[in-house]
Every structure is written in structure tokens, then in C-alpha cells.
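# Fold and contact review
Chain by chain, the residues:
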Amino acid sequence: MSQAIGNTALAYARVWHHVDASDRILGKLAERIAIVLMGKHKPIYDPSVDCGDYVVVTNARNVQVTGKKAQQLVYRHHTMYPGGLKEIQYKEMMRRKPDEIIRQAVSGMLPKNKLRERRLERLRIFADDDMGVFKHNILKRWEDGTLPLRTN
């Protein structure tokens with residue numbers, strides 16, 4: 001007689017990842033973050049289970065975009081009042097709220113279902129290098145070879 005044993009709590013344990021967004025391309029960075037938030041990097045991944053990890057992003061002000069996106073990209077939101085469509089250029093958004101640029105890019109790459117908001121709550125974005133109390137939680141840092149190693 002065979003019985004299936006489910007995954008243990010250790011398999012679903014959440015790990016904190018640190019990402020330095022300096023000189024990273026926005027789309028590629030958002031894609032990697034979305035994969036970690038969903039938990040697709042784990043062997044126990046299931047689309048209906050929220051098994052992703054926490055991600056802390058620093059230096060959001062230094063993220064890069066390719067081509068002419070810095071001049072052409074426009075962020076829109078509606079105030080829900082008649083005629084309340086607001087448009088903000090990329091450069092103005094980078095000056096005001098650089099964390100919102102990465103948050104919207106990651107949000108666009110997550111599946112549009114009920115788990116989306118819960119996954120986005122595990123994303124912490126900081127405009128500068130200071131991440132406050134979250135630096136004590138970090139277990140993994142992304143040094144994946146796509147950037148030259150810093151020697152300072």
C-alpha cells in the first residue's frame with residue numbers, strides 16, 4: 001500500500017533575495033523578479049500555490065531602459081473622476097517614484113489572478129542603497145554573471 005506524502009513546511013519556506021538594480025535593464029530585471037515571486041525557481045512550483053520568495057530591490061533610481069523608452073514611455077492611471085486620466089512621463093516618474101517603475105514592470109509580468117497582489121506584497125523596493133531593517137533577512141544575493149563584478 002502506497003501513500004503519497006505532501007511537501008514539508010521546509011520545502012515551502014520563503015527565502016529573502018537581494019537585487020541591486022544598478023545598471024540593470026528594466027524588463028530583464030522585472031522578469032527575474034517575477035519568476036522568484038511566483039516560485040518558479042523551486043522544484044515544488046505549482047501555479048495554484050503561492051510558494052514564491054521575498055525580493056528586496058535596492059538602487060531603483062539607477063535602473064536602465066533600452067532604446068528611446070526614456071523619452072517615449074508614459075505611465076497612465078485614472079483618478080475615477082470624469083476626465084481624470086493622468087499621464088506621467090518616464091523621467092518624471094523616475095524623479096518622483098522610482099520604486100513604482102519597477103513595481104509596475106513586475107506587476108505586468110505576473111499572472112493576472114488572485115495571487116498577484118499577495119505576490120507583490122513580498123516585493124520591497126528602495127530608491128537608494130539603504131534597505132533598513134530588511135538587510136538582516138537577506139539570504140541570497142543575485143550575482144549571476146550578467147554584470148561585471150565591482151572592485152570597490
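Described in the following lines is the structure provided in the data block. (Residues numbered from 1 in each chain as written. Predicted model: local features only at pLDDT ≥ 70, side-chain atom pairs only at ≥ 80, totals over all residues. Heavy atoms only, no water.)

### Structural notes on the overall build of the protein
- What the protein contains, in helices and strands, is five helices and six strands.
- Listed by position from the N terminus, the elements making up the protein come as β-α-β-α-β-β-α-α-α-β-β.
- Looking at the protein as a whole, 38% of its 152 residues qualify as buried.
- Restricting the contact set of the protein to residue pairs at least 6 apart, pairs at least 24 apart contribute 68%. (Helix = DSSP H or I, 4+ residues; strand = E, 2+ residues; numbered from the N terminus. Buried < 20%, exposed > 50% of the residue type's maximum accessible area, 1.4 Å probe, protein only. Contact = heavy atoms within 4.5 Å.)

### Describing the packing of aromatic side chains
- Going through the model one piece at a time under the given rule, you end up with three aromatic pairs.
- Residues Trp-16 and Phe-134 carry aromatic rings whose centres are separated by 5.6 Å and whose planes lie at 25 degrees to one another, so their mutual orientation is stacked. Taken as a pair, Trp-16 in strand E1 (residues 16-20) and Phe-134 in the loop between strand E5 (123-125) and strand E6 (140-141) lie far apart in primary sequence, 118 residues in all. Taken as a pair, Trp-16 and Phe-134 share a single burial class, namely buried.
- Look at Phe-134 and you get buried, because its relative accessible area is 18%.
- An aromatic cluster of at least three residues, connected via ring pairs, comprises Trp-16, Tyr-54, Phe-126 and Phe-134. (Phe/Tyr/Trp six-rings, centres within 6.5 Å; stacked < 30°, edge-to-face > 60°.)

### Side note on the sheet that holds E5
- Ordered in space as E5-E2-E1-E6, the four strands form an open sheet in which the pairing is parallel. Looking at strand neighbours, the two that pair on one side only are E5 and E6, the edges of this open sheet.
- Against the sheet, helix H1 (residues 26-38) contacts E1, strand E2 (54-58) and E5, and its axis sits at roughly 155 degrees relative to E2.
- Sitting on the sheet, helix H4 (residues 98-109) is in contact with E2 and E5, with an inclination near 155 degrees to E5. (Pairing = 2+ DSSP bridges. Axes fitted to C-alpha atoms, helices over the stretch in contact; angles between N-to-C directions.)

### Brief notes about the nonpolar core
- Counting 30 residues, the largest nonpolar core has Ile-33, Val-57, Ile-102, Val-106 and Leu-123 as its most contacted members.
- The element that contributes the greatest number of residues to this core is H1, accounting for eight residues.
- With residues up to four places along the chain from it excluded, the contact list for Val-106 reads Ala-30, Ile-33, Ala-34, Leu-37, Leu-120 and Leu-123. (Core = buried A, V, L, I, M, F, W, Y, C linked by side-chain atoms within 4.5 Å.)

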